[in-house]
Amino acid sequence: MGLLHVRRSTGALTFAVLVLTGCGGQSKPAHRSAATAGGPTITIQDFKFQPASLTVTPGAKVTVVNKDTAAHTVTSIGTNAFDTGTIAGGRTSTFTAPTARRIYAYVCNIHEYMHGALVVK
């Protein structure tokens, strides 16, 4: 099952399980720890969130870098846990990770086929 076929209404958990088990068919690892990049960062490029799943500590500051020319958002699904608002192409934004330890699926509200997961451990 491709990530493009995961529907928002079928639940964020299904998507998170697919991402965390590596069923995305990606050549790069789909999951990365915040410690590997000098700070938790989500990069948006080619209409994809990279990494598809990011692990952070509760309350961490997460940087979102939009390398596309199109605007995007990083918005938690089914919760009000985080929402960057619109990030213009070439711009950067930050948000604070929730303090509750769980998996938070997120979407770009402008391009709803773009999905990712924030794992708070």
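Presented here is an overview of the structure given in this document.

Criteria and cut-off values
- Residues numbered from 1 in each chain as written.
- Predicted model: local features only at pLDDT ≥ 70, side-chain atom pairs only at ≥ 80, totals over all residues.
- Heavy atoms only, no water.
- Helix = DSSP H or I, 4+ residues; strand = E, 2+ residues; numbered from the N terminus.
- Buried < 20%, exposed > 50% of the residue type's maximum accessible area, 1.4 Å probe, protein only.
- Core = buried A, V, L, I, M, F, W, Y, C linked by side-chain atoms within 4.5 Å.
- Contact = heavy atoms within 4.5 Å.
- Pairing = 2+ DSSP bridges.
- Axes fitted to C-alpha atoms, helices over the stretch in contact; angles between N-to-C directions.
- Phe/Tyr/Trp six-rings, centres within 6.5 Å; stacked < 30°, edge-to-face > 60°.

Right, let's get into unusual backbone geometry. A cis amide bond links Gln50 to the next residue, Pro51, at an omega of 0 degrees. Of note in this structure, Asp46 is not a glycine but carries a positive phi near 55 degrees. Note that Asp46 resides in the loop between strand S2 (41-45) and strand S3 (48-50). Accessibility expressed as a relative area gives 57% for Asp46, which makes it exposed. In the Ramachandran plot, Phe47 falls in the positive-phi region, its phi being about 60 degrees despite a non-glycine side chain. Structurally, the position occupied by Phe47 is in the loop between S2 and S3.

This brings us to the nonpolar core. Ile42, Phe49, Val56, Val62, Val74, Phe95 and Leu118 are the most contacted members of the largest nonpolar core, which has 19 residues in total. Of all the secondary structure elements, the ones that give two or more residues to this core are S2, strand S4 (53-56), strand S5 (61-66), strand S8 (103-107) and strand S9 (115-120). Here Phe95 is in contact with Ile42, Ala60, Lys61, Val62, Val64, Val74, Phe82, Thr84 and Leu118, once residues within four sequence places are set aside.

This paragraph deals with the sheet that holds S2. Spatially, the four strands line up as an open sheet ordered S3-S2-S5-S7, and their pairing is mixed. With one partner strand each, in any of the chains shown, S3 and strand S7 (92-96) form the two edges of the open sheet. Shown here is a sheet whose adjacent strand axes are inclined to one another by a mean of 25 degrees, direction ignored. Here three bridges tie S2 to S3, and the two strands are oriented antiparallel to one another. Across the sheet, residue Gln45 finds its bridge partner in S3, namely Lys48.

Let's shift gears to the packing of aromatic side chains. Going through the model one piece at a time under the given rule, you end up with four aromatic pairs. Judged by centre distance (4.8 Å) and plane angle (75 degrees), the rings of Phe49 and Tyr106 are edge-to-face. Of this pair, Phe49 sits in strand S3 while Tyr106 sits in strand S8, and the two are 57 residues apart along the sequence. Accessibility assignment for this pair places Phe49 and Tyr106 in one class, buried. Taking 6.3 Å as the distance between ring centres and 65 degrees as the angle between the ring planes, the aromatic pair formed by Phe82 and Tyr104 counts as edge-to-face. A residue pair is termed long-range when its members are at least 10 positions apart, and Phe82 in the loop between strand S6 (75-76) and S7 and Tyr104 in strand S8 qualify at 22 residues. Both residues of the pair, Phe82 and Tyr104, belong to the buried class.

These figures capture arrangement, not role.
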